[in-house]
Amino acid sequence: MTTHGGFQPVFCTVVPPHVLDRLARSDDPARSGPARRTLRRDGELRTLRQVTTEFRLAAEPDTRAPSDQPARTIHDAGHRTDLPGAVVRREGEPPGQDATVNRAYSGLGATFDLYLRVYGRHSIDGEGLPLVATVHYDEQYDNAFWNGEQMVFGDGDGEVFLDFTLPLDVIGHELTHGVTQHTANLTYYGQSGALNESVSDVFGSLIKQYALGQTAAEADWLIGAGLLAPGVTGSALRSMKAPGTAYDDDVLGKDPQPATMAGYVRTGRDNGGVHINSGIPNHAFYLAAAALGGHAWEKAGQIWYDVLTGGELAERALFADFAGLTVKAARERYGDGGDEFEAVRKAWEQVGVRIL
Amino acid sequence: MRIQVRRTGGFAGIERRGEVETSGRPDAAEWHALAERAVASGPGTPPAGVPDGFSYRITVDDRTVYCADPRLTEDQRTLVSRVLKEGA
Ligand SMILES: [Zn+2]
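Residues numbered from 1 in each chain as written. Chains lettered and ligands numbered in written order. Predicted model: local features only at pLDDT ≥ 70, side-chain atom pairs only at ≥ 80, totals over all residues. Heavy atoms only, no water.

- Per an unreviewed UniProt entry, chain B goes by Metalloprotease and derives from Streptomyces galbus.

- Under the annotation held in an unreviewed UniProt entry, chain A carries the name Neutral metalloproteinase and is attributed to Streptomyces galbus.
- Taken verbatim from the UniProt record of chain A, the Function (unreviewed entry) comment is "Extracellular zinc metalloprotease."
- In its Cofactor (unreviewed entry) section, the UniProt entry covering chain A states "Zn(2+)". (UniProt positions renumbered as here; feature names shortened; annotations may be inferred.)

If you want it as structure tokens, here you go:
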């Protein structure tokens, strides 16, 4: 498929990692769009080099502003738990033999790309913060998390969960925890924690949709598609389109997510059900994006981003607070009574969140 | 000695439980020593975790301690992985 050793198709067969990686290098959105389509069509590294060289020459470096290039470092924990572990790939270094390392590197690039190209944000802190990820954490580790400074990925046990770097939206989800930490800093408990989780799912999904060039109608709206081992009865870990339907398995149990407030789960576990009740704001985002059509990152994503970064969202915000701010943001950006305002207002109404 | 582990949270938000009853086991002494070390250092209330990090509750007979990734002692990590694997 390519002369690079260790290359394997990653997030899906449509977007190989080097493509995602190179996409982050184009400076002009008007040109990166067609370039992206071309790259997706033929995937030739030679073409990629020509394209990116052209863009690099066109870009005039500004030493005062944060770089438009990510600063990625991937570490390997060697199946132990000391963080960050040994450096295995730095920014600009070519792909190596380890597909997990390559996926993490490319996923960080795709995430950086969405935030910069669509929302004008330089990395997770808006000031070009270096992106750090550790792979091969612990043995058969069934998880990925954000430790406040970096991403950490386990290999999965191979029987229920596969490698956590496989789904691009999981990588985007973890990095978005960093964005949230540097912006609204939603408290990771109860409703504000579920909002924190939902924001990570929303932008994790948008990162995948943006990389694939999908419209809201084309996207699968799944979180963690490709993460479950063969034999597990399920398509993913969460579904924004139909919360509660992602899996139903003998070992895993059934997807517990509610889609509306009628199914809100009160629990002290999982930080007050942050991965359960996130289904409600997740579904609201899906409904708004589906109603608006087109690319979800353009309007619905912009509204959610405005709320996350606008400075008005309290750390302990409730669903109703967040909903109210999205309606306000839709009005401010797109006008009162417009399609955007109506789509967002109706979305929250459909999931049973009353806006005060 | 009865050793119970409950793991909650994580990216998937799926709960896991395990329990090992050591009486009659040939390796009981080893389990006892490991369990004693694991509960010696844990707080009695859940600590603040990190986003998507696992939270653990370890109960050894009538003592319960809590811990959360990534800040587990080596003994806690060994114990929870062994109990979740062997006592699932
Ligand atoms: Zn999360």
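Regarding the packing of aromatic side chains
Two measures describe an aromatic ring pair: the distance that separates the ring centres and the angle between the ring planes.
Residues and elements named next belong to chain A.
Piece 1. Within this structure, the stated rule accounts for 20 aromatic pairs over all chains.
Piece 2. Residues tyrosine 119 and tyrosine 305 carry aromatic rings whose centres are separated by 4.7 Å and whose planes lie at 10° to one another, so their mutual orientation is stacked. Placement of the pair is tyrosine 119 in helix α4 (residues 99-119) and tyrosine 305 in helix α9 (residues 300-309), with a sequence separation of 186 residues.
Piece 3. Looking at tyrosine 119, the relative accessible area reads 10%, which means it is buried.
Piece 4. Seen from their ring centres, phenylalanine 203 and tyrosine 305 are 6.4 Å apart, and the 80° between their planes marks the pair as edge-to-face. Of this pair, phenylalanine 203 sits in helix α6 (residues 190-212) while tyrosine 305 sits in helix α9, and the two are 102 residues apart along the sequence. Each member of the pair, phenylalanine 203 as well as tyrosine 305, is classed as buried.
Piece 5. One cation-aromatic arrangement involves arginine 72 over tyrosine 105; the distance from NZ or CZ to the ring centre is 3.8 Å.
Piece 6. Geometry around tyrosine 334 places lysine 299 over its ring, the cationic atom sitting 6.0 Å from the centre. (Phe/Tyr/Trp six-rings, centres within 6.5 Å; stacked < 30°, edge-to-face > 60°. Helix = DSSP H or I, 4+ residues; strand = E, 2+ residues; numbered from the N terminus. Buried < 20%, exposed > 50% of the residue type's maximum accessible area, 1.4 Å probe, protein only. Lys NZ or Arg CZ within 6 Å of the ring centre and 35° of its normal.)

Some details on the pairing of strand β1 (residues 2-9) of chain B
Residue and element names in this part refer to chain B.
Piece 1. Burial within β1 is extensive, with six of its eight residues counted as buried.
Piece 2. As paired elements, β1 and strand β2 (residues 16-21) share six bridges and run antiparallel to each other. Residue pairing for β2: glutamine 4 is matched across the bridge by glutamate 19.
Piece 3. In this structure, the hairpin formed by β1 and β2 is closed by a connection of six residues, where glycine 10 is found at a positive phi of approximately 85°. (Pairing = 2+ DSSP bridges.)

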